[in-house]
Amino acid sequence: MHREIDLKNINLNLEPPEEETERQYYFIKKASGYVAELADRLGRRPTCCVTTFGCQMNARDSEKLAGILESVGYEITEDENADFVIYNTCTVRDNANQKVYGRLGVLNGYKKKNPEMKIALCGCMMQEKTVIEKIKTSYKFVDLVFGTHNIFKFAELLTAVYESEGMITDIWSDTDKIVEDLPVERKHSFKSGINIMFGCNNFCSYCIVPYVRGRERSREPKDIIMEVERLVADGVVEIMLLGQNVNSYGKNLENPITFAELLKEVEKIEGLERIRFMTSHPKDLSDELIEVIKNSKKICRHLHLPLQSGSTRILKAMNRCYTKEKYIELAEKIRREIPDMAITTDIIVGFPGETAEDVDETIDVIRRVRFDNAFTFIYSRRTGTPAAAMEGQVPEAEVKKGFDRVLRTVQEVAAGQISQYRGQSVEVLVEGINENDSSMVTGRLSNNILVHFKGSESLIGRLVRVRLDECRGFYYIGTVE
Ligand code: SAH
Ligand code: SF4
Ligand code: F3S
C-alpha cells in the first residue's frame, strides 16, 4: 500500500540523477531488474523479511524499508528464512544489541542453505564504530550495512549489493537531509506513525540516541500535513506523530512553529479520527499544548511522559532539566486540566550513584502521580555517553533489588488506575483479531488500554462503542454496544 511510482519514464541508460528523490526512483527501477533476474533463477517470487528492534521510530523506518523492497519486487514475509533479510537495529540498551548478534547466527545457518540469500543490517546500532568492526571481523556473511542517516538511500544500496561481491558498508556520521516521498509499506491499513522530526538535542547523560540519530531536525509542517492527508485518503483513521521530543518540534524551522500549533493543523484534517504523539519531554511541555489537547476532539487521552527518576539529585546527573517537584506539578496540572488523560512513563533503575533512597523517591513519584503504566528499565552503560564514565556504577544485585521494588509499585498503582474504568462505555479502534481466541477482536481505547470483545474481522479499522465489563490486570473484556 504505497504511492504508485511511475518508473516507465526512467531511462537506465542515462547516469543516475543527482537530485533526491528522483535518484532513488532510478535505483528502484534498476534494483527491480536484478530482483526479476533472481525470480527467474529461483523460479518464484523472491521473499524478504524486515525485522525491527527498538522504538516506534524504527518501526516507521522499517515500513519505509518494506516499501522499497516491495517496489523492487520482493514479497514480504514474517519468516526470516527468506531471500532478503534486513535487521533494523536498536542500541538504546545492551540487551537489544545482544539479541541482534544472537539472531545473526541463525541467519547464517539459513544462508548456508540458500546461497542467493542476502543479509542487511541498518539502524541505530550501525552508527557505532565498535559494532561495525565486530561485524566486519566476525559476521563476514553480512552483505549490506548502513546507518540511520542514509536510510533514504536504501534502493541505491540494494542495487550495489547486486552489482558487487562482499560486504557493502555505508555509514554517515550525521546529516541535515530530510528526503520526502519514498514508497512506504504500512503494517496496519488503519493506523500509521509519521515522523515529524528526527534526531535529538537533549543529551540525557545515559542516552546514546543523540549520538546515533544525530541533531534534531523538524520536517516542514506542509510536508507533514500532506502525508497525513494522503494516509487518510488511503484509509488511515489514527496517526501517531513521532519524535524523540515532540515538544520541541518546529524550533529549528525557517518559520518556527510550536508542536501545539502543528497539532491544531493536523486536527483540521477531515476523516482523521485519532491523533497520538510520542514522546513528550517534561521540560518542554507547554501550557499551550495542554490547552490544545484539552480542546481537541481527536487527540487521544494518553500522554507518555518519561520520568526516568524521581530523585532530583539523579535527575540532575541525568541532565533531564527538571526536578522531582516540577514533574509532579506538571502531572498534577495535566490531571486537573484533562481528568481523563492517562499518563504513562519510562523509569530507569541503577543509574550511576543511585542509592536505595533515590529509588524511594522514584517510588514516591509513582504513587503520587498514579501512572497508568510504566516501562521500567535497568540502566545500561552505553559507551561514549557521559554516564558511562561516571563513578558509582551500581552493583547488579543492588540494581535488581531497586528494580523489583519499582516494578511492584508500578504494577500495583497501574492496576488501580486501569480498574477504575470498569462499567464505562467507551469508543475503541478495532486493531485486529484476538491472538488467543479468533471469535474475538482487540480494540484500543483513546487512553491506550486494550479491550477484547466478541467480533469479526469486518470490524478491523473501525471505531466502535464497547462496554468495559471485566478488568483483567492490564486489559479489559467487553461487549459491543
Ligand atoms: N526520547 C525519549 C526516549 C527514547 S529512549 C524520551 O526522552 O522520553 C526510550 C527509553 O529508554 C527512555 O525513556 C529511557 O527510559 C530508556 N533508556 C534510554 N537510555 C537508557 C540506558 N542507557 N539504560 C536504560 N534505559 C535507557
Ligand atoms: Fe535520549 Fe534524552 Fe533524547 Fe530521549 S530526550 S532520546 S532520553 S537524549
Ligand atoms: Fe533504539 Fe534507536 Fe529508537 S537506539 S530506541 S531504535 S532511536
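Residues numbered from 1 in each chain as written. Chains lettered and ligands numbered in written order. Predicted model: local features only at pLDDT ≥ 70, side-chain atom pairs only at ≥ 80, totals over all residues. Heavy atoms only, no water.

S.K.: Looking at this structure, I do not really get the overall build of the protein chain. What am I missing?
M.R.: Looking only at helices and strands, the protein chain features 13 helices and 19 strands. Computed over C-alpha atoms, the radius of gyration of the protein chain comes to 23 Å, within 12% of the 23 Å expected from 2.2 N^0.38 for 481 residues, which places it in the range of a compact globule. If one aligns the C-alpha atoms of the protein chain with their principal axes, the spans along those axes are about 65 × 55 × 50 Å. Counting across all 481 residues of the protein chain, residues that qualify as buried make up 56%. Expressed as a percentage of contacts within the protein chain between residues at least 6 apart in sequence, the contacts between residues at least 24 apart total 73%. Of the roughly 21,700 Å² that the protein chain leaves accessible, carbon and sulfur atoms contribute 49%. (Helix = DSSP H or I, 4+ residues; strand = E, 2+ residues; numbered from the N terminus. Rg over C-alpha atoms; globule rule 2.2 N^0.38 Å. Buried < 20%, exposed > 50% of the residue type's maximum accessible area, 1.4 Å probe, protein only. Contact = heavy atoms within 4.5 Å. Areas by Shrake-Rupley, 256 points an atom, 1.4 Å probe, with all protein chains shown as cover.)

S.K.: Explain the sheet that holds strand β14 (residues 373-378) here, please?
M.R.: Two strands in a sheet stick together by hydrogen bonds in their backbones, pointing the same way (parallel) or opposite ways (antiparallel). Taking strand neighbours across the sheet as the criterion, the 3 strands line up as β12-β13-β14 in an open arrangement whose pairing is parallel. Edge positions in the open sheet fall to β12 (302-304) and β14, since each of these has one partner strand only. Ignoring strand direction, the axes of neighbouring strands in this sheet form an average angle of 15 degrees. Alignment of strand β13 (residues 342-349) against β14, held across 6 bridges, turns out to be parallel. Across the sheet, residue valine 349 finds its bridge partner in β14, namely isoleucine 378. Along the sheet, helix α13 (residues 396-419) makes contact with β13 and β14, crossing β14 at roughly 175 degrees. (Pairing = 2+ DSSP bridges. Axes fitted to C-alpha atoms, helices over the stretch in contact; angles between N-to-C directions.)

S.K.: Sorry, what's going on with the layout of surface pockets here?
M.R.: Unoccupied space between atoms shows up once a probe the size of one water molecule is rolled over them. Taken as a whole, the second largest pocket encloses approximately 890 Å³ of empty space. Secondary-structure elements contributing two or more residues to the lining of the second largest pocket are α2 (56-71), β7 (191-195), β8 (197-198) and α7 (221-233). Broken down by element, the residue count for the lining of the second largest pocket peaks at 6 residues, all from α2. In terms of residue class, the lining of the second largest pocket is built from 19 nonpolar, 7 polar and 15 charged. (1 Å grid on protein atoms, 1.4 Å probe; cavity = no way out; pocket = protein on both sides within 12 Å on 5 of 7 lines; lining within 4 Å. Points joined across faces, edges and corners; volume = space filled by probe spheres on them. Nonpolar A, V, L, I, M, F, W, Y, C, P; charged D, E, K, R; others polar.)

S.K.: Quick question: what am I supposed to make of the state of the cysteines here?
M.R.: Between two cysteines, a covalent bond joining their sulfur atoms is known as a disulfide. Under the definition given, this model contains 0 disulfides. Among the cysteines around cysteine 321, which has no disulfide bond, cysteine 204 carries the closest sulfur, lying 7.6 Å off. Given the relative accessible area of 54%, cysteine 321 is considered exposed. (Disulfide = S-S within 2.5 Å.)

S.K.: Where do I start with the pattern of salt bridges in this structure?
M.R.: Charged atoms that come close allow side chains of opposite charge to pair. Evaluation of the coordinates by the stated rule reveals 37 salt bridges. The salt bridge partner of glutamate 63 is arginine 60, with a shortest N-O separation of 2.6 Å. With glutamate 63 and arginine 60 both in helix α2 and 3 residues apart, the pair spans about one turn of that helix. When the shortest N-O distance is used, the salt bridge between arginine 301 and aspartate 340 registers 3.6 Å. In this pair, arginine 301 sits in the loop between α9 (287-295) and β12 while aspartate 340 sits in the loop between α11 (324-337) and β13, placing the two residues 39 residues apart along the sequence. (Salt bridge = Lys/Arg side-chain N within 4 Å of Asp/Glu carboxyl O.)

S.K.: Honestly, the pairing of β7 in this entry has me stumped. Any pointers?
M.R.: Where a strand is regular, its side chains alternate between the two sheet faces. Taking burial as the measure, the 5 residues of β7 include 5 buried ones, the bulk of the element. Neither face of β7 is exposed, since Lys191, Gly193 and Asn195 on one face and Ser192 and Ile194 on the opposite face are all buried. Of the strand pairs in this sheet, β7 and strand β10 (residues 238-242) are connected by 5 bridges, and their pairing is parallel. Residue asparagine 195 lies in a different strand from β10, and its bridge partner there is leucine 242.

S.K.: Which parts of the structure should I look at to understand the site of ligand 2?
M.R.: Lining the immediate environment of ligand 2, one finds Cys200, Asn202, Phe203, Cys204, Tyr206, Cys207, Val209, Pro210, Gln244, His281 and Arg320. Residue classes in the shell around ligand 2 are distributed as 7 nonpolar, 3 polar and 1 charged. (Near = heavy atom within 4 Å.)

S.K.: What's the story with the packing of helix α8 (residues 259-267) against α9 in this structure? I'm lost.
M.R.: Packed helix pairs are characterised by how far apart their axes lie and by the angle those axes make with each other. Two elements in contact, α8 and α9, have axes whose closest approach is 8 Å; the angle formed by their N-to-C orientations is 20 degrees. If you check the angle between α8 and α9, you find them roughly parallel. Two packed elements cross with a definite hand, and for α8 against α9 that hand is left-handed. Together, Phe259, Ala260, Glu261, Leu263 and Lys264 of α8 and Glu288, Leu289 and Val292 of α9 make up the contact between the two elements. Considered class by class, the residues forming the contact of α8 with α9 number 5 nonpolar, no polar and 3 charged. (Parallel < 35°, antiparallel > 145°, perpendicular 65-115°, else oblique. Left-handed = near helix turned anticlockwise from the far one by under 90°.)

S.K.: Can you help me understand the pairing of strand β18 (residues 463-472) in this one?
M.R.: Here 5 bridges tie strand β15 (residues 425-433) to β18, and the two strands are oriented antiparallel to one another. In the sheet register, serine 425 faces β18, and the bridge partner there is arginine 467. Pairing of β18 with strand β19 (residues 475-480), which is carried by 6 bridges, proceeds in the antiparallel orientation. Across the sheet, residue arginine 467 finds its bridge partner in β19, namely threonine 479. The loop that links β18 with its antiparallel partner β19 comprises 2 residues; one of these, glycine 473, has a positive phi angle of about 75 degrees.

S.K.: Would you mind showing me how to read α7 here?
M.R.: Helical periodicity: at 3.6 residues per turn, an α-helix aligns residues three or four positions apart in one direction. The terminal C-alpha atoms of α7, which comprises 13 residues, lie 18 Å apart, in line with the 18 Å expected from a rise of 1.5 Å per residue. Every buried residue of α7 is listed here: Pro221, Asp223, Ile224, Ile225, Glu227, Val228, Leu231 and Val232. Contacts from the buried residues of α7 go to α2, β7, β10 and α8. Where α7 ends, the next residue or the one after it, glycine 235, has phi of about 105 degrees, a positive value. (Expected span 1.5 Å × (residues − 1).)

S.K.: Just to check I follow, could you spell out α8 for this structure?
M.R.: Among the residues making up α8, those that are buried are Phe259, Ala260, Leu262, Leu263, Val266 and Glu267. Buried residues of α8, seen end-on, are gathered within an arc of 155 degrees and therefore sit on one face of the element. (Arc of directions from axis to C-beta.)

S.K.: How do you make sense of the environment of isoleucine 132 when you look at a structure like this?
M.R.: Here isoleucine 132 lies in helix α4 (residues 129-138). Isoleucine 132 sits in the buried class, given a relative accessible area of 11%. A C-alpha to C-alpha distance of 9.6 Å links isoleucine 132 and phenylalanine 146, two positions 14 residues apart in sequence. Excluding anything up to four places from it in sequence, isoleucine 132 contacts Met126, Val145 and Ile171.

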